[in-house]
Amino acid sequence: MKNLLYILFSAFFIAQTVSCGGSSAESTGDEKPSDVALSLFNSVEMGDFDGVRYNICFSSEKDEALFESYLERAEKYAKGKDKSIGVAGFEVVSEEVKGDSALVTLKGKDAFGKEQAFIVPLVRKSSGWKVDGSKSLLHRK
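What counts and what doesn't
- Residues numbered from 1 in each chain as written.
- Predicted model: local features only at pLDDT ≥ 70, side-chain atom pairs only at ≥ 80, totals over all residues.
- Heavy atoms only, no water.
- Helix = DSSP H or I, 4+ residues; strand = E, 2+ residues; numbered from the N terminus.
- Expected span 1.5 Å × (residues − 1).
- Buried < 20%, exposed > 50% of the residue type's maximum accessible area, 1.4 Å probe, protein only.
- Polar contact = N/O pair within 3.5 Å; in protein donor to acceptor, adjacent residues only side chain to side chain.
- Contact = heavy atoms within 4.5 Å.
- Pairing = 2+ DSSP bridges.
- Arc of directions from axis to C-beta.
- Salt bridge = Lys/Arg side-chain N within 4 Å of Asp/Glu carboxyl O.
- Phe/Tyr/Trp six-rings, centres within 6.5 Å; stacked < 30°, edge-to-face > 60°.
- Lys NZ or Arg CZ within 6 Å of the ring centre and 35° of its normal.

Q: Any chance you could explain helix α2 (residues 33-46) here in plain terms?
A: Helical geometry note: an α-helix holds 3.6 residues per turn, so side chains three or four residues apart project in the same direction. Here α2 is 14 residues long and its end C-alpha atoms lie 20 Å apart, about the 20 Å a rise of 1.5 Å per residue gives. For α2, every residue scored as buried is listed here: P33, S34, V36, A37, L40, F41, S43, V44 and E45. One or two residues past the end of α2 sits G47, with phi positive at roughly 70°.

Structure (structure tokens):
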């Protein structure tokens, strides 16, 4: 289940080429970019679909709907599956904030169990920091 969600999640980001806009999820706005990036990756690992939705944004309803369809398919697949697989132990390596954008580097295991560093782009919205759904999360160091 973890691998399917992670692969679907990753494949979707590779295909995206638009800039990020609003999200239907509300945030307190108190989180740092690294908190949001870590939360998103941990949500993916744990099969927490609401956590994924909460921490990401898209520029258009069409892109958001496409992403939602991927998540719905993954949720259907995950029903009844054991979600106690644990977190891959992602940790923050660095956080670079420039105005309303940020890059967070996380270190953890990829979908195949190999240790990787991931560069996660974020944007600041009125509701707080969100992972930029228009960028690939597979930029590795």
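Q: When you look at the side chain of S43 in this model, what are you seeing that I'm missing?
A: Considering the arrangement of structural elements, one finds S43 in helix α2. On the accessibility criterion, S43 (6% relative accessible area) is buried. Among the polar contacts made by the side chain of S43, one reaches the main-chain carbonyl oxygen of S39 at a distance of 2.8 Å. Those residues in contact with S43 that lie beyond four places of it in its chain are D48, G51, V52 and N55.

Q: Can you walk me through the sheet that holds strand β3 (residues 101-109) in this structure?
A: By definition, the strands of a sheet pair up through backbone hydrogen bonds, in either a parallel or an antiparallel sense. Overall, mixed pairing links the five strands, which are arranged β1-β5-β4-β3-β2 in an open sheet. The open sheet has two edge strands with one neighbour each: β1 (56-57) and β2 (91-98). Alignment of β1 against strand β5 (residues 128-132), held across two bridges, turns out to be parallel. Residue pairing across strands places C57 opposite D132, the latter belonging to β5.

Q: Which parts of the structure should I look at to understand helix α4 (residues 61-78)?
A: For α4, spanning 18 residues, the distance from its first C-alpha to its last is 25 Å, which sits close to the expected 26 Å at 1.5 Å a residue. Taken together, the buried positions of α4 are occupied by D63, F67, L71, A74 and A78. In a view along the axis of α4, the buried residues occupy a sector of 65°, so they form one face of it. Within α4, the exposed residues directed more than 90 degrees away from the buried face are E61, K62, R73 and K76.

Q: I keep staring at the pattern of salt bridges and nothing clicks. Help me out?
A: Once their charged atoms are close, side chains differing in charge can pair, the charge on each being opposite to the other. The final tally for this structure, using the stated rule, is six salt bridges. Across the pair R53 and E68 runs a salt bridge, and its minimum N-O distance is 2.7 Å. Separated by 15 residues along the polypeptide, R53 in helix α3 (residues 49-54) and E68 in helix α4 bring together distant segments of the chain. Assessed through its relative accessible area of 21%, R53 is described here as partly exposed. Exposure remark for E68: the relative accessible area of 24% places this residue in the partly exposed category.

Q: How should I be thinking about the packing of aromatic side chains in this particular structure?
A: Each aromatic ring pair is described using two quantities: the centre-to-centre distance and the angle formed by the ring planes. Tallied over the full model, the rule gives four aromatic pairs. Note on F41 and F90: the rings are 4.9 Å apart at their centroids and 75° apart in plane angle, and the pair reads as edge-to-face. Here the residue F41 occupies a position in helix α2, and F90 occupies one in the loop between α4 and β2, the gap between them amounting to 49 residues. For the pair F41 and F90, a shared accessibility class is recorded, and that class is buried. A ring pair is formed by F41 and F118, whose centres lie 5.4 Å apart and whose planes are at 55°; its orientation type is tilted. Remark: F118 occurs in strand β4 (residues 115-125) and F41 occurs in helix α2; sequence separation between them is 77 residues. One cation-aromatic arrangement involves K130 over Y54; the distance from NZ or CZ to the ring centre is 4.3 Å.

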